[in-house]
Amino acid sequence: MKVALLAESFLPHMNGVTHSLLQVLRHLERRGHEALVVAPRSGPIDRSLHGAQTVLLPSMPLPSYPDVRVTLATTQRLSAVLREHGADVMHLASPFVLGWRGLAAAEPLGIPSVAVYQTDIPSYAEKYGVPGAAPALMRHLGRLHRRATLTLAPSSSAVERLAAAGVEDDRVRIWRRGVDTERFAPGRRSERWRREVAAPGEVIVGYVGRLAPEKQVEDLRAITALPGVRLVVIGDGPSRPALERLLPGAHFTGFLGGDALAEAMASLDVFVHPGERETFCQTVQEALASGVPVVATGAGGPLDLVRSSVDGWLYRPGDLEELRERVRDLAGDDAKRRAFGVRAREAVRGRGWDVLGDELIGHYEDVVESPTRPARRTPMTTVDRAPAASVVAPPRWRRYVAVGDSLTEGLCDASRMPAGEYRGWADRLALLLALASPADAPVEYANLAVRSRKVADAIDDQLPSAVALGADLVSVLIGANDLVGRRADAAALATRLGEAVLEVRGTGADVLLVTPFMPARPAARLFDLRFAQFAERLAGIVDGAGVRLLDVRSDSGLVAPAMWAADRVHLNSAGHRALAYAAAGVLGVPDAAELERLERAVHDDGAVPDRPVGDAEWLARHAAPWVLRRLRGRTAGDGREAKRPGLVAVPTTSTLRAR
């Protein structure tokens with residue numbers, strides 16, 4: 001099996017997500033599977049990746065936490081990576097930004113996804129000084145995990161959080177983390193290490209983990225004054241300077257990993273973890289494997305790991321007095337600590353990574369073999385293209401209105417049209433809808449698109465006109481003219497358009513929303529990030545509203561130069577045909593696949609390809625007139641009206657004869 005693993009964070013930054021990913025890679029190698037890691041590039045990697053290939057993407061650090069990075073890869077780039085690897089399944093490690101784009105790339109390719117919920121990002125945002133962000137972030141996580149084929153949650157509390165975000169139970173399974181019971185074991189206990197960090201006779205109470213706001217390490221001030229107790233803080237992170245000032249009596253070791261961490265863990269007398277936002281808490285499990293009793297907050301992942309009065313204690317979240325008393329109880333009773341330690345080791349029996357790794361592979365196999373998985377699609381090319389699969393039978397739309405700019409007007413698609421007139425993908429889609437409708441229920445069609453129009457034109461004029469026409473289906477493809485502007489605010493534009501689309505949905509009309517796109521040319525890369533931000537914000541706003549979304553960025557065929565006209569900014573006839581059938585696939589138009597094969601055979605058999613245009617000719621014929629219009633404050637659409645402003649029945653019989 002070929003597995004593509006997408007991670008929001010990766011080496012050299014070590015955290016719970018990275019640790020789990022490395023264990024998965026090791027197990028996949030043992031079982032003979034091929035792995036590819038797609039992750040942000042943040043520094044040199046100086047350890048084995050167990051035979052996995054890597055694609056490390058450009059990224060930028062979070063200002064408040066430079067160890068965490070956000071990737072800048074586009075959906076188009078991820079689509080190419082997944083196709084090249086030939087992935088059978090996509091593993092999303094703690095998905096958020098990269099994971100969302102990964103889903104957009106995998107779905108059109110028919111690649112099922114297994115999303116592993118590991119990080120409570122909404123709660124973290126509150127801790128990092130972004131008040132009020134949690135609800136919006138939780139909505140995003142809910143959309144993401146509803147979109148994944150399967151979500152794996154590490155604990156019962158994580159399942160509850162996902163359910164609260166609207167993720168259905170049948171899309172979630174519990175998959176706990178494995179623990180290396182050979183590395184983390186009571187035999188690693190070191191008296192030498194204990195002498196280095198504490199005075200003879202002191203009980204060593206230790207915390208292991210990232211030193212960051214969400215971990216609530218500052219709560220450990222409640223135990224610093226306990227007599228005979230030495231607090232040891234193992235780890236590093238942005239909060240370390242503040243914590244060293246707040247906990248002056250504690251011993252800070254900095255980051256420890258590998259055998260050094262295992263030695264330190266086993267040398268503790270009590271392990272303590274105050275974080276209330278853990279989806280699992282791997283360090284608690286490592287402490288148990290090391291035979292160390294645990295005191296942890298009674299929230300999140302520790303609820304499934306710690307058995308109060310058996311191998312540790314759980315205290316009420318936020319109750320620092322109870323935290324202190326639970327630590328005092330174990331610090332003052334050697335016999336109880338030993339008994340709890342023995343039971344702690346027993347608690348992790350059967351949780352080795354070999355067992356958990358096989359469970360994970362079983363989940364991969366389930367989604368690959370599931371009859372409800374997405375249909376695998378062949379990318380569009382000028383030679384062959386498999387259309388999007390129909391999921392449900394579409395309603396019988398009677399009034400279809402197209403909204404947009406020059407692409408929807410049909411510029412450069414002059415196939416079988418009188419001189420000066422254009423056909424376009426929306427016209428072709430209207431014909432497909434009409435062919436799928438009964439003869440006694442003709443489809444009426446209006447096209448309000450005009451070249452050079454922008455998002456504001458669609459919101460202020462075209463969409464209200466579509467509603468006034470009584471449309472029961474509206475297609476929207478707009479935004480490219482805005483996004484290539486000098487100071488385009490992609491997020492704000494998408495928000496305005498998304499809200500307008502929701503208003504149209506509120507009238508009862510269905511909406512086909514097509515993301516704007518550009519040809520795969522070097523110059524277009526300057527705008528990749530804007531187009532990606534626009535599309536993702538737009539998709540997030542309309543998610544759950546019943547909008548039919550066609551994310552063109554994930555289909556490499558449509559952005560291929562062969563699909564574009566000589567002016568390099570508009571689709572040619574082949575491109576318009578391809579877009580029409582992609583839209584028909586999203587709408588679930590019956591027999592669209594067969595009709596596409598027939599039309600492709602008719603048009604491609606002996607067809608003469610578009611004559612290539614050199615740079616000099618392109619500058620003279622296309623670029624220079626555009627520049628002159630801009631300098632004069634004009635656009636190509638000035639003074640133009642929509643070519644089809646009113647609803648007119650689509651004449652299927654006469655059109656078929658013409659073809």
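Counting restarts for each chain, with residues numbered from 1 along the sequence as it is written. Owing to the predicted nature of the model, reporting of local features is limited to residues with pLDDT of at least 70; listing and counting of side-chain atom pairs is limited to 80 or more, with chain, interface and lining totals taken over all residues. For side-chain calculations, the full set of non-hydrogen atoms in the structure is used, while hydrogens and water are omitted.

Draft legend 1. Representation of the overall build of the chain in the model. Starting at the N terminus, helices and strands are each numbered in turn, a helix being any DSSP run of H or I of at least four residues and a strand any DSSP run of E of at least two. Broken down by element type, the chain carries 25 helices and 21 strands. For each residue, the accessible area found with a 1.4 Å probe, counting protein chains only, is set against the maximum for its type, and the residue is called buried under 20%, exposed over 50%, and partly exposed in between. Out of the 659 residues in the chain, the part that is buried amounts to 54%. We call two residues contacting when some pair of their heavy atoms lies within 4.5 Å. By sequence separation, contacts in the chain at least 24 residues apart represent 71% of the contacts at least 6 residues apart. Shrake-Rupley sampling with a 1.4 Å probe provides the accessible areas, and residues are treated as covered by the protein chains on show and by no other component. Accessible area for the chain stands at about 27500 Å²; split by element, carbon and sulfur atoms hold 52% of it.

Draft legend 2. Region of the structure containing the sheet that holds strand β2 (residues 34-40). Criterion used throughout: strands pair if DSSP finds at least two bridges between them. In spatial order, the strands read β3-β2-β1-β6-β7-β8-β9; together these 7 strands make up an open sheet with parallel pairing. Where the open sheet ends on each side, the last strands, each with one partner, are β3 (53-57) and β9 (172-174). Adjacent strand axes in the sheet meet at a mean angle of 20° when their direction is disregarded. Here strand β6 (residues 89-93) pairs with strand β7 (residues 113-116) via 4 bridges, running parallel. The residue of β7 that forms the bridge with Met90 is Ser113. Between N-to-C directions, angles span 0 to 180 degrees; the directions come from axes that are lines fitted to C-alpha atoms, helices contributing only their stretch in contact. Each of β1 (2-7), β2, β3 and β6 touches helix α2 (residues 75-85); the most contacted strand, β2, lies at about 165° to it. Its contacts with the sheet place helix α14 (residues 353-369) against β1, β6, β7, β8 (150-153) and β9, and it is angled at close to 130° to β6.

Draft legend 3. Examining the packing of α2 against helix α3 (residues 97-109) more closely. Here α2 crosses α3 at 60°, and the two axes come no closer than 8 Å. With respect to α3, the element α2 is oriented oblique. Crossing geometry of α2 relative to α3 is assigned as right-handed. Seen from α2, the contacting residues are Thr75, Leu78, Ser79, Leu82 and Arg83; seen from α3, they are Leu98, Arg101, Gly102, Ala104, Ala105, Ala106 and Leu109. When the residues that make up the contact of α2 with α3 are grouped by side-chain class, the tally is 7 nonpolar, 3 polar and 2 charged. Orientation is classified from the angle alone, with under 35 degrees giving roughly parallel, over 145 giving roughly antiparallel, 65 to 115 giving roughly perpendicular, and any other angle giving oblique. Crossings are classed by handedness, with left-handed meaning an anticlockwise turn of the near helix from the far one by less than a right angle and right-handed meaning a clockwise turn. When residues are grouped by polarity, Ala, Val, Leu, Ile, Met, Phe, Trp, Tyr, Cys and Pro land in nonpolar, Asp, Glu, Lys and Arg in charged, and all others, Gly among them, in polar.

Draft legend 4. Geometry of the pattern of salt bridges. Here a salt bridge means any side-chain nitrogen of Lys or Arg lying within 4 Å of a carboxyl oxygen belonging to Asp or Glu. Tallied over the entire structure, the rule returns 29 salt bridges. Residue Arg188 pairs with Asp259 through a salt bridge whose shortest N-O separation is 3.6 Å. Placement of the pair is Arg188 in the loop between β9 and α7 (191-197) and Asp259 in helix α9 (residues 258-266), with a sequence separation of 71 residues. What makes Arg188 partly exposed here is its relative accessible area of 28%. What makes Asp259 partly exposed here is its relative accessible area of 41%. A single network of salt bridges, built from pairs that share partners, joins Arg189, Glu191, Arg194 and Asp269.

Draft legend 5. Inspection of the environment of Ala642 at higher detail. Structurally, Ala642 can be placed in the loop between α24 (615-631) and β21 (644-649). The class of Ala642 is buried, set by a relative accessible area of 18%. Not counting chain neighbours up to four residues away, the residues in contact with Ala642 comprise Asn447, Leu448, Ala449 and Val450.

Draft legend 6. How the structure looks around the pairing of β1. The element β1 is extensively covered by neighbouring structure, given that 5 of its 6 residues are classed as buried. Sheet topology places β1 next to β2; 5 bridges connect them, and they run parallel. Its bridge partner being in β2, Ala4 is matched across the sheet by Leu36. Crossover handedness is defined by viewing with both strands directed away from the observer: a clockwise path from the first strand over the helix to the second marks the crossover as right-handed. With helix α1 (residues 16-30) bridging β1 and its parallel neighbour β2, the resulting β-α-β unit is right-handed.

Draft legend 7. View of the sheet that holds strand β16 (residues 399-404). On the basis of which strands lie adjacent, the open sheet formed by 6 strands has the order β20-β19-β18-β16-β17-β21 and mixed pairing. The sheet is open, and its two edges are formed by β20 (548-550) and β21, each paired on a single side. Strand-to-strand twist of the sheet, defined as the mean angle between neighbouring strand axes without regard to direction, takes the value 15°. Strand direction decides the pairing type here: β16 and strand β18 (residues 473-477), joined by 5 bridges, are parallel. Note on β18: the bridge partner recorded for Tyr400 is Leu473. In the packing of helix α16 (residues 425-435) onto the sheet, the strands contacted are β16, β17 (444-447), β18 and β19 (510-514), and the crossing angle to β16 comes to about 165°. On top of the sheet, helix α17 (residues 455-468) reaches β16 and β18; it is set at about 170° to β16, its chief contact.

Draft legend 8. How the structure looks around the packing of aromatic side chains. Note on aromatic pairs: the rings of Phe, Tyr and Trp (six-membered ring only in Trp) are paired at centre separations within 6.5 Å, and the planes decide the class, stacked below 30 degrees, edge-to-face beyond 60, tilted for the rest. Inspection of every chain in the model, using the stated rule, returns 3 aromatic pairs. For the ring pair Trp313 and Phe340, a centre distance of 6.1 Å and an interplane angle of 55° mean the geometry is tilted. With a gap of 27 residues between them, Trp313 in strand β15 (residues 312-315) and Phe340 in helix α13 (residues 334-347) connect regions that are remote in the sequence. Looking at Trp313, the relative accessible area reads 12%, which means it is buried. Consider the rings of Tyr400 and Tyr445, whose centres lie 5.3 Å apart with planes at 25°: the pair is stacked. Within this pair, whereas Tyr400 is found in strand β16, its partner Tyr445 is found in strand β17, the two being separated by 45 residues in sequence. The exposure classification of Tyr400 matches that of Tyr445, with both residues buried. We note Arg147 situated over the ring of Trp100; from NZ or CZ to the ring centre the distance is 4.8 Å. A ring has a charge above it when a Lys NZ or an Arg CZ is no more than 6 Å from the ring centre and no more than 35 degrees off the ring normal.

Draft legend 9. Spotlight on the side chain of His27. By the secondary structure assignment, His27 is in helix α1. In contact with His27, other than residues within four places in its own chain, are Trp353, Asp354, Gly357, Asp358 and Ile361.

Draft legend 10. The environment of Asp638, seen in detail. Along the chain, Asp638 turns up in the loop between α24 and β21. By relative accessible area, which is 40% here, Asp638 ends up partly exposed. Note: C-alpha distance between Asp638 and Ser452 (186 residues apart in sequence) is 8.2 Å.

Draft legend 11. The arrangement of the confidence of the model for the chain in detail. Per-residue confidence from the predictor is given as pLDDT, running between 0 and 100. When the pLDDT values of the chain are averaged, the result is 83; 82% of them are 70 or greater. Taken as a whole, residues 377-393 scores under 50 in pLDDT and shows 43 contacts with residues more than four places along the chain or in a different chain. Taken as a whole, residues 653-659 scores under 50 in pLDDT and shows 9 contacts with residues more than four places along the chain or in a different chain.

Draft legend 12. Just the environment of Trp313, in detail. In this structure, the C-alpha to C-alpha distance between Trp313 and Leu330, residues 17 residues apart in sequence, is 9.1 Å. Discounting chain neighbours no more than four positions away, the residues touching Trp313 are Val294, Val295, Ala296, Val306, Ser308, Arg326, Asp329, Leu330, Lys336 and Phe340.

Draft legend 13. Quick peek at the pairing of β17. Bridge count for β16 against β17 is 4 bridges, and the pairing is parallel. Following the sheet pairing, Tyr400 is matched in β17 by Tyr445. Bridging between β17 and β21 involves 3 bridges; their strand directions are antiparallel. Among the inter-strand pairings, Asn447 is bridged to a residue of β21, identified as Arg644.

Draft legend 14. Up close: the nonpolar core. The set of buried Ala, Val, Leu, Ile, Met, Phe, Trp, Tyr and Cys residues whose side-chain atoms join them within 4.5 Å is what this entry labels a nonpolar core. Residues Tyr400, Trp425, Leu429, Phe517 and Leu579 are the most contacted members of the largest nonpolar core, which totals 35 residues. Of all the secondary structure elements, the ones that give two or more residues to this core are β16, α16, β18, β19 and α22 (573-587). One finds Leu448, Ile478, Ala494 and Val504 within the second-largest nonpolar core, a separate group that totals 31 residues.

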